[in-house]
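# Secondary and tertiary structure notes
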Amino acid sequence: MRVYILYIIIVLLPYNLIAQNSIDTILLPEVVLEETRLSENKIGCSIDVLNQKVIGATNTQSFSDFLSFNSSYYVKRYGALSTPTFRGTTSSHTLVLWNEVPVNSIANGLADLSILPINSFNKTTIVNGGDASVFGSGSIGATIHINPMLNFSNENELNIAYEIGSFGLESKSIFYSKSSQKISLSAFIHSLIDKNNFKFTNTTVIGFPEQTSSYGAIVSSQKQINLILKLNRRNMFSFSYWGLDNDREVPQNMTISFSDAKQYDKSDRVFAALTHTTNNLKFKLKHSYLKEDFNYTEFSKNIDSYYIAETSISDFNIKLNNNNKTFNIGAILTNNTILNNNYLSTKTDDQNFAIVSSFKINKKLSKTNLIVRKEWHSLYEVPLVPTLGYERKIDNNIRLRSKINRNFRAPTFNDRYWISGGSIGNLDLLPETAWNKELGIDLIYKDFIFHSTIYSLDIEDMIVWQPNDNNIWQPINNKKVWSRGIENKLKYKSNKYTLETSYTYTKSTNEKKLSALDNSYQKQLLYIPLQKLSFLFIYKLPEIKSQIIFGYVYNDQVLTSYNSSNDKYLDGFSLSNLTFNKELNNLPIYISFKINNLMDTSYQTYENYPNPGREYLLTINYNIK
Amino acid sequence: MKKCIKKLLTISILIGLISSCQKDRSNPEIGGCTDINAINYDSLATINDGTCLYEDTAIVGLYDNGYFVTNEGNFGSGNGSITFISDDGSVANNVYESTNGVPLGDVVQSMSIIGEDAYIVVNNSNKIVVASKDSMIHITEISISQPRYISQVSDNKAYVTSWGNNSIEVIDLTTNTVTNSIPCGVGPESITVNNGLAYVTNVGGWGLDNTVTVIDVASDNVVNTINVGDKPNSAQVDASGNIWVLCGGYTEYDPVTWAVVSQTQGSLVKISNDVVVDSYTFNTGDSPKNLLIDDYGTMLYYLSGGSVFSFNNTASTLDSTALISDSFYRIGYNDNKIYGTDAVDYTQAGYSKEYSTSGVLVNTYNVGIIPGGYCFN
């Protein structure tokens with residue numbers, strides 16, 4: 001509560017309507033290279049654009065670290081996984097899209113962000129509150145868009161980066177791009193070795209000994225190729241490939257001294273798209289192919305689990321423009337095939353077909369967008385998911401936005417077909433459904449920009465795994481969640497420095513009582529902090545071509561278990577980091593020195609899993625344009 | 001350029017300074033009690049941290065009148081615990097952690113009291129924690145891969161079933177060390193001792209087995225392997241020396257339609273002189289478990305479909321109506337009382353319920369996460 005009051009004091013500054021900037025120029029600064037479904041359907045959405053270049057993310061920081069510092073989301077880290085939660089939902093309610101192609105595993109529905117280096121993408125956009133009308137299953141808490149580096153700047157660029165850091169981190173990357181008015185081509189290769197051999201205090205062993213995490217090494221590599229070709233005035237061709245290869249040791253919690261768990265995952269994602277534009281019509285044909293190769297072994301427990309999943313998506317969209325009205329209609333056909341040694345039938349597939357249509361009216365002061373998605377799935381009924389978005393400018397400095405939309409998450413292949421280890425899937429599962437309602441305001445005053453959104457999100461038929469009467473774990477649609485809260489963000493920008501602060505209050509409660517003995521009813525969900533606060537301070541020193549960045553984040557305590565008399569919590573914690581970036585005077589070299597966990601705080605985001613203490617990272621970028 | 005070099009130098013000095021702040025903490029000392037005469041002597045400790053406790057200083061008899069509930073905790077979270085419920089109805093949760101300042105570990109499977117000590121089997125932490133039964137003060141730990149249950153088989157010897165090794169690990173109770181390993185079937189589960197022989201039910205782990213391994217306790221030799229029903233999970237000895245084995249049965253599904261292809265029924269098997277003399281078959285789809293026997297060695301209790309059933313060892317058929325209808329995870333029996341655990345959603349703290357042998361609910365207690373076993377003094 002104290003934090004909240006503090007925030008109110010900071011935020012409720014005397015407000016003056018006379019300002020230099022207008023809401024349109026500030027809030028829509030981006031140059032759209034290529035129209036996307038997101039750019040077409042963002043009316044009423046609460047959107048965070050995390051621009052890596054602006055805040056100097058030159059290190060190979062992982063996506064999850066980046067998210068936890070630069071936004072108001074809680075990131076849970078345990079074993080090999082690192083998963084963010086948005087708006088009080090669970091980690092499987094976040095849809096990650098690369099070029100609007102799903103990244104989430106079709107086997108378990110999760111997108112693991114732990115080893116996705118942030119510097120390999122130049123723009124991350126987060127749509128809070130889900131976007132299933134546009135992007136389909138899995139988008140309930142949020143949709144994260146990661147987009148590769150592309151431009152038409154008429155420049156060639158070569159960047160070679162080398163980084164070393166504490167706990168055995170070493171990373172190398174090469175980026176090359178060539179662009180003209182007609183073509184934009186980029187290629188990126190990256191490799192990472194992180195031994196993760198950090199020291200921690202084992203609070204589960206008598207005497208609290210200092211131990212070194214000796215199991216948790218990661219070897220990762222990725223490749224990217226991106227191409228956009230403007231064939232002529234009317235036709236454009238684009239192609240992208242992204243390959244990711246990870247090999248890691250999976251650490252256990254501190255009470256388990258031995259682990260031989262290993263995870264290997266490899267993914268290849270590719271798409272080609274063709275766009276044809278006439279005077280008021282635009283056609284886009286896109287075909288994507290995705291392949292995942294996954295293997296988890298734990299030989300001491302006789303576990304050797306693998307899957308190979310293939311997905312092909314054919315997507316055709318027509319856009320019709322008429323004065324201030326836009327109509328889009330798209331048809332998307334998805335084919336999934338998965339071969340899994342833990343499924344009843346080793347080879348399984350499913351198909352779904354979706355029609356997405358949207359109608360947008362752009363007026364001088366208001367914008368309205370109606371989206372309707374109807375999906376037909378080969379195995380289960382998918383509900384109709386509509387969205388209504390509305391925005392209204394009060395004047396040049398104030399904009400109101402609102403959105404009401406329905407979202408859903410289909411049962412995953414694991415939910416349906418898994419059989420192993422005393423667990424069995426369930427073919428009768430229904431998709432989870434959710435209604436999201438939100439109301440937001442964007443304000444500008446002089447050099448301040450303020451965004452605030454209140455929301456209410458109801459999730460029905462949530463899938464949970466529970467033992468049945470024969471003590472076999474099985475998923476059922478048996479949970480109801482109501483999440484509501486407020487998200488605030490304040491930015492201040494001057495010539496010298498930038499300040500960004502965010503505060504989130506999330507109340508997410510269980511709304512279904514399983515029995516008279518259920519103590520979780522109407523209590524906050526486990527591992528969802530009530531409050532989160534973040535500060536980012538960027539100080540520019542142009543005279544020495546340098547930049548200092550300070551980041552601070554506070555995570556409130558989280559519940560770890562319910563009890564009739566005293567619920568258990570993990571303590572809240574604060575983390576800060578400091579970065580110093582410097583461009584050399586006579587050489588095309590940028591140096592970045594970063595200290596993570598500046599105060600050497602020991603903290604847990606998941607019960608009994610330790611985290612690294614103070615960590616030093618040094619990056620050298622050789623960049624020629 | 002000169003200026004620039006100077007700045008760079010300054011930065012690198014700064015970096016050096018900050019880096020050198022990092023302490024080198026190799027070869028950490030392990031704090032603990034290093035006095036061999038203390039009841040909490042820790043053989044792993046390298047430095048005496050002043051926590052030694054002796055017979056006269058230790059709290060004695062704190063847990064005399066009542067019983068323990070083992071709570072598995074959430075898999076992977078390391079939050080398994082022990083609850084003590086005293087005869088006056090007061091509940092003390094987390095007794096091990098509140099005494100020792102550290103959690104027990106991941107998946108507290110079971111606990112047995114042997115002599116003056118409590119042997120707590122922590123399955124996924126691959127260890128058995130030995131603590132004083134009177135004070136819960138930590139004494140030592142024994143490393144065993146995926147242990148399930150521990151049973152004293154002779155004066156100085158205990159057997160532990162290990163899923164990790166598919167074996168019986170032999171513990172010398174004087175030194176609390178593993179002295180031998182006896183291979184048995186797949187996924188050995190319960191241990192029942194009768195007439196110098198240990199009967200180990202091989203439940204098959206997550207797969208399939210249908211045997212009981214018989215071990216001569218004196219020599220640690222396997223003397224017999226008895227075929228029973230599929231997935232034998234628990235056994236008891238009755239007043240006449242017969243071994244009763246409860247088998248859960250096994251279901252195989254069609255890979256395409258998910259229809260049940262083959263299903264072996266659960267069964268209650270009676271063994272006399274290492275020969276199966278009787279078998280009572282359950283209905284298809286029932287998966288009975290957790291066989292118990294009363295103090296007189298005549299009435300058997302088990303769990304099927306979450307409800308408690310009873311079976312007199314002279315009855316000719318299985319009872320079709322439950323003694324207690326509920327959705328229990330595990331059950332226990334002691335001194336004319338039946339106990340059952342309710343794990344609620346298998347995430348939050350569960351409940352333990354106490355019944356009379358006629359099935360009347362006496363008390364309900366909020367215990368730890370996934371209560372999965374009882375240990376009576």
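Residues numbered from 1 in each chain as written. Chains lettered and ligands numbered in written order. Predicted model: local features only at pLDDT ≥ 70, side-chain atom pairs only at ≥ 80, totals over all residues.

## Remarks on the overall build of chain B
Summing up its helical and strand segments, chain B has two helices and 31 strands in all. Here chain B holds 377 residues, and 46% of them are scored as buried. Taking all contacts inside chain B whose residues are at least 6 apart in sequence as the whole, residues at least 24 apart take part in 39%. (Helix = DSSP H or I, 4+ residues; strand = E, 2+ residues; numbered from the N terminus. Buried ≥ 20, exposed ≤ 12 C-beta atoms within 10 Å, placed from the backbone. Contact = placed C-beta atoms within 7 Å.)

## Let's talk about the sheet that holds strand β19 (residues 243-247) of chain B
Residues and elements named next belong to chain B. On the basis of which strands lie adjacent, the open sheet formed by four strands has the order β18-β19-β22-β23 and antiparallel pairing. At either margin of the open sheet sits one strand with a lone partner, and together these are β18 (232-237) and β23 (275-281). Going from strand to strand, the sheet's axes swing by 20° on average, the running direction of each strand aside. Pairing of β18 with β19, which is carried by five bridges, proceeds in the antiparallel orientation. Within β19, the residue paired with A235 across the bridge is V245. (Pairing = 2+ DSSP bridges. Axes fitted to C-alpha atoms, helices over the stretch in contact; angles between N-to-C directions.)

## Some words on the interface of chain A and chain B
Chain A puts 47 residues into the contact, and the matching count from chain B is 49 residues. Mapped by element, the contributors of at least two residues to the side of chain A that touches chain B are β23 (419-420), β26 (448-467) and β34 (589-596) of chain A. Split by residue class, the side of chain A that touches chain B holds 19 nonpolar, 22 polar and six charged. (Nonpolar A, V, L, I, M, F, W, Y, C, P; charged D, E, K, R; others polar.)

## Focus on the environment of B:F311
Residue and element names in this part refer to chain B. Mapped onto the secondary structure, F311 falls in strand β26 (residues 307-312). Along the backbone, F311 and N224 are 87 residues apart, and their C-alpha atoms lie at a distance of 27 Å. For F311, the contacting residues outside a window of four places in its chain are L268, L300, L318 and D319.

## Examining the nonpolar core
Ranked by size, the top nonpolar core spans 86 residues in total, and within it B:I82, B:I120, B:I128, B:A131 and B:V245 carry the most contacts. Every residue in contact with B:I82, bar those within four places of it in the chain, is listed here: B:F68, B:T70, B:V95, B:Y96, B:L104, B:V108, B:M111 and B:I120. The next biggest cluster of nonpolar side chains, apart from the first, holds 58 residues, and it includes A:V103, A:W242, A:A273 and A:I371. (Core = buried A, V, L, I, M, F, W, Y, C linked by C-beta atoms within 7 Å.)

## Focus on the confidence of the model for chain A
On average, residues of chain A score 88 in pLDDT, and 92% of them are at 70 or above. Long-range and interchain partners of residues 1-32 of chain A, a stretch whose pLDDT sits below 50, account for 33 contacts in this model, where long-range means more than four residues apart. (pLDDT = per-residue confidence, 0-100.)

## Brief notes about the sheet that holds strand β27 (residues 331-334) of chain B
Residue and element names in this part refer to chain B. If you trace the four strands from one edge of the open sheet to the other, you get β27-β28-β29-β30, paired in antiparallel fashion. Each edge of the sheet is formed by a strand with only one pairing partner; in this case those strands are β27 and β30 (361-369). The mean inter-strand angle of the sheet, taken between neighbouring strand axes irrespective of direction, is 20°. Pairing between strand β29 (residues 349-356) and β30: six bridges, direction antiparallel.

## Quick notes on the environment of B:G89
Residue and element names in this part refer to chain B. The topology assignment puts G89 in the loop between β4 (81-86) and β5 (91-92). On the basis of neighbour count, G89 is assigned to the exposed category, with 11 C-beta atoms found within 10 Å. Taking the C-alpha atoms as reference, G89 lies 8.4 Å from Y365; in sequence the two are 276 residues apart.

## A word on the confidence of the model for chain B
Residues and elements named next belong to chain B. When pLDDT is averaged across chain B, the result is 88; 88% of the residues are at 70 or more. Predicted confidence for residues 1-27 stays below pLDDT 50, and this span has ten contacts to residues more than four positions away or in other chains. This prediction of the complex comes with two scores: 0.87 for pTM and 0.86 for ipTM.

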